[in-house]
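Descriptive analysis of the structure
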Amino acid sequence: MTDPIVTARDLTKVYGEGDTAIRALDTVTFTINAGEFVVLLGPSGSGKTTLLNQIGALEPSTSGSLNVNGLEIAGMSDKERTEYRRSTVGFVFQFYNLIPTLTAQENVALIAEITGAEPEARSDVVLDSVGLSDRLGHFPGEMSGGQQQRVAIARGIVKDPPLLLCDEPTGALDLETGRTILSLLKSTTQGEDRTVFLVTHNSTIAEMADRVIRLRDGRIVGDEVNENPTPASELRW
């Protein structure tokens, strides 16, 4: 039995107070096991990104508990949250968030520098693993959207995090490039015991997941294991 890497119990997030309060997450409870490729599926406004932000320790919860890789997130100090983000989670966003004045290698090395020795060498290795060994010296503006997202993935995994959080990583990409990126993300779980938690509103992407958690109005309305995931290369949307 694989140990859980994420355990949430009655996790709740409320924005505002009184009559104007918005309950973005409402007593959310679930467990994710290490090595799973999990899709969090739901429409806009369902609380997907809020949940991702909780797991990434980007904002505090209102109540409930959240344990990631043996660490209790609630009650962490700002310093502890920073260390947690440095060592435990990697992030991949829809719009890449690359620094335009840095090359592909420099964008990745910037993260590698704060997480260990030999940042340039480690950056070269992960950029090669995402098929960009010939783009090390290129700036974001000199690369396609798919290439920029590959740099973003390399940046997310260069510190070798046990958990990779992805927020609509194919939202700005065409179908073919999107399928390539999804295949690449799926491959990061193989042989590494790394967990990928991917947020999307695209129900087709859920077909490639090991597990699909469905969120609506801040509540989990479905949690299904996919016995026969579809290869990313066969997805169509």
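Before reading further, recall that the structure is shown in the block above.
Here we summarise the structure given alongside this text. As the structure is a prediction and not an experimental result, all values here were calculated from the model.

Conventions adopted
- Residues numbered from 1 in each chain as written.
- Predicted model: local features only at pLDDT ≥ 70, side-chain atom pairs only at ≥ 80, totals over all residues.
- Heavy atoms only, no water.
- Helix = DSSP H or I, 4+ residues; strand = E, 2+ residues; numbered from the N terminus.
- Rg over C-alpha atoms; globule rule 2.2 N^0.38 Å.
- Buried < 20%, exposed > 50% of the residue type's maximum accessible area, 1.4 Å probe, protein only.
- Salt bridge = Lys/Arg side-chain N within 4 Å of Asp/Glu carboxyl O.
- 1 Å grid on protein atoms, 1.4 Å probe; cavity = no way out; pocket = protein on both sides within 12 Å on 5 of 7 lines; lining within 4 Å.
- Points joined across faces, edges and corners; volume = space filled by probe spheres on them.
- Nonpolar A, V, L, I, M, F, W, Y, C, P; charged D, E, K, R; others polar.
- Pairing = 2+ DSSP bridges.

**What about the overall build of the protein chain?**
Assigned secondary structure in the protein chain consists of six helices and 10 strands. Over its C-alpha atoms the protein chain spans a radius of gyration of 18 Å, differing by no more than 12% from the 18 Å that the globule rule assigns to 237 residues. The dimensions of the protein chain, computed from C-alpha atoms along their principal axes, are 50 × 40 × 40 Å. Within the protein chain, the fraction of its 237 residues that count as buried is 48%.

**Here's the deal with the pattern of salt bridges**
Where side chains of opposite charge bring their charged atoms close, a pairing between them can arise. In this structure the tally under the stated criterion is 10 salt bridges. In this structure, Arg86 engages Glu83 in a salt bridge whose closest nitrogen and oxygen atoms are separated by 2.8 Å. Note that Arg86 and Glu83 are positioned in helix α2 (residues 78–87) at a spacing of three residues, about one turn of the helix. Taking the relative accessible area as the measure of exposure, Glu83 reaches 36% and is therefore partly exposed.

**Quick look at empty space enclosed by the protein**
For the structure shown, the criterion picks out one cavity of 30 Å³ or more. Put simply, the largest cavity is a space of about 50 Å³. Lining the largest cavity are Leu11, Gln54, Glu59, Pro60, Ser61, Gly64, Ser65, Leu66, Ile73, Ala74 and Arg81. Among the elements that make up the lining of the largest cavity, the one with the highest residue count is strand β4 (residues 63–68) (three residues). Taken together, the residues that form the lining of the largest cavity break down as five nonpolar, four polar and two charged.

**As for unusual backbone geometry**
Even without glycine at this site, Asp10 takes up a positive phi of about 55 degrees. By secondary structure assignment, the location of Asp10 is in strand β1 (residues 4–15).

**Things to note about the sheet that holds strand β2 (residues 22–33)**
One key point about sheets: their strands pair by backbone hydrogen bonds, in either a parallel or an antiparallel sense. Taken in spatial order, the four strands line up as β2-β1-β4-β5 in an open sheet, and their pairing is antiparallel. Whereas interior strands pair on both sides, the edge strands pair on one side only; in this sheet they are β2 and β5 (71–72). Pairing of β4 with β5 involves two bridges; the strand directions are antiparallel. Of the residues in β5, the one forming a bridge with Asn67 is Glu72.

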